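# Coordinate analysis (summary)
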Amino acid sequence: MSILVYIEHAEGKVKKTSLEAVSFAHALSGKTGEGEVVAVALGTVSADELAAVGKAGAAKVLHSSDERLNAGVIQAHATAVAQAFAAVGAKTLVLAKSSLGDAVAARLAIKLNAGLVSNVVELPSTSAGYVVKRSIYTGKAFAETTVTTENKILAVKKNAVDLKTDGTEAVVENLSVTISDSDFASKITSTERATGEVLLPEADIVVSGGRGMKGPENWGMLEDLAKTLGAATGCSKPVSDIGWRPHHEHVGQTGVKVAPSLYVAVGISGAIQHLAGVNSSKCIVVINKDPEAPFFKAADYGIVGDAFEIVPKLTDALKAE
Ligand code: FAD
């Protein structure tokens, strides 16, 4: 028996959220005695990169290098993962909550007759049924779901578990899958990145600006800070509505929801609709000249002062490190 983990990769690297899913599965196996953790990877990615998944707790990685799987065709991925699930005799599939993960998991729930819980924040409790805690209402509340099916799928929320890094390299084995033409009924034929910068939904650090930045001409200082930190840039809704920044940077209830390790909010008041998109961040730093700005209540660290003085000083200090 094994726990299977579906891992995602981009630009040759396994995603950190997938390594978190592997770490979660490793801890879960320790709790439920479900045996070794086996990861499944689809499409082109190097054997070295896959072997390193062992550090997060996988004993083995099954890899299908079929190039047709590179485009993230959801139905084909679901078919391949279902075959891997049967091959390793798993009862539990773990994956990262993401756009691709959610779409693949939904199809697999049907294929495997499995109970699916998404946005999982901690290991299930097994003392009275199989009870899974998950985050709901953009991180404002938790719900407990009892899974009654034999097969189970758990989609783990970003940043919800500590990343295990002390495992040993995993054995990488070829996975042979049978995928029919109907699994490719629709496929992505080309993709184009809108920006060369770090992508906002996946960023580990986000530097975000609000109306306090006064105008688009002042964004250079936030971009400089973001570049220094290796961060993506975001903004409040009015900023994208006015056209200071592109709409894909708008963070909040009606925009992108982020869950980075670090969210730096500059000149943003902290309206409830903005907080709805950022309250899953691990650490929030707020820079605002108004000490009464609501964002300070949600902040781990707050700096009261003029962004135009503080941000360049902060960037210089970070560059000097
Ligand atoms: P402001 O509220 O104008 O705040 C600017 C801040 O900058 C102030 O706190 C001020 O003290 C500070 N400041 C000014 N000058 C400086 C300076 N020199 N240095 C440092 N600080 C300075 N908003 C979102 O962001 N995301 C959403 O998804 C979203 N969805 C919404 C959905 C609905 C249905 C509604 C009704 C509203 C929504 N909003 C959303 C809007 C939200 O209610 C706020 O109006 C908005 O977040 C405010 O943006 P802001 O903080 O940039 O601007």
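Source: prediction; values computed, not measured.

About the cut-offs
- Residues numbered from 1 in each chain as written.
- Predicted model: local features only at pLDDT ≥ 70, side-chain atom pairs only at ≥ 80, totals over all residues.
- Heavy atoms only, no water.
- Core = buried A, V, L, I, M, F, W, Y, C linked by side-chain atoms within 4.5 Å.
- Buried < 20%, exposed > 50% of the residue type's maximum accessible area, 1.4 Å probe, protein only.
- Helix = DSSP H or I, 4+ residues; strand = E, 2+ residues; numbered from the N terminus.
- Axes fitted to C-alpha atoms, helices over the stretch in contact; angles between N-to-C directions.
- Parallel < 35°, antiparallel > 145°, perpendicular 65-115°, else oblique.
- Left-handed = near helix turned anticlockwise from the far one by under 90°.
- Contact = heavy atoms within 4.5 Å.
- Nonpolar A, V, L, I, M, F, W, Y, C, P; charged D, E, K, R; others polar.

### Here we look at the nonpolar core
Among the nonpolar cores identified, the biggest contains 31 residues, and L4, L108 and I153 are the most heavily contacted of them. Counting residues per element, the ones that place at least two in this core are β1 (2-7), β4 (36-42), α3 (74-87), β6 (92-96), α4 (99-111) and β10 (152-156). When residues in this core are grouped by element, the largest group, seven residues, is from α3. Counting residues in each nonpolar core, the second largest holds 28 residues, with F24, L28, V53 and V161 among its members.

### Concerning the packing of α3 against α4
Their axes nearest at 9 Å, the elements α3 and α4 cross at an angle of 55 degrees. Relative to α4, α3 is oriented oblique. Handedness of the α3/α4 crossing: right-handed. Counted together, I74, Q75, H77, A78, T79, V81 and A82 of α3 and L100, A103, V104, R107, L108 and K111 of α4 form the full contact between these two elements. Of the residues assigned to the contact of α3 with α4, the class counts are eight nonpolar, three polar and two charged.

### Observations regarding the environment of T189
Secondary-structure assignment places T189 in the loop between β11 (171-174) and β12 (205-209). Its relative accessible area of 75% is what places T189 among the exposed residues. It is 7.7 Å that separates the C-alpha atoms of T189 and A71, two residues lying 118 residues apart in sequence.

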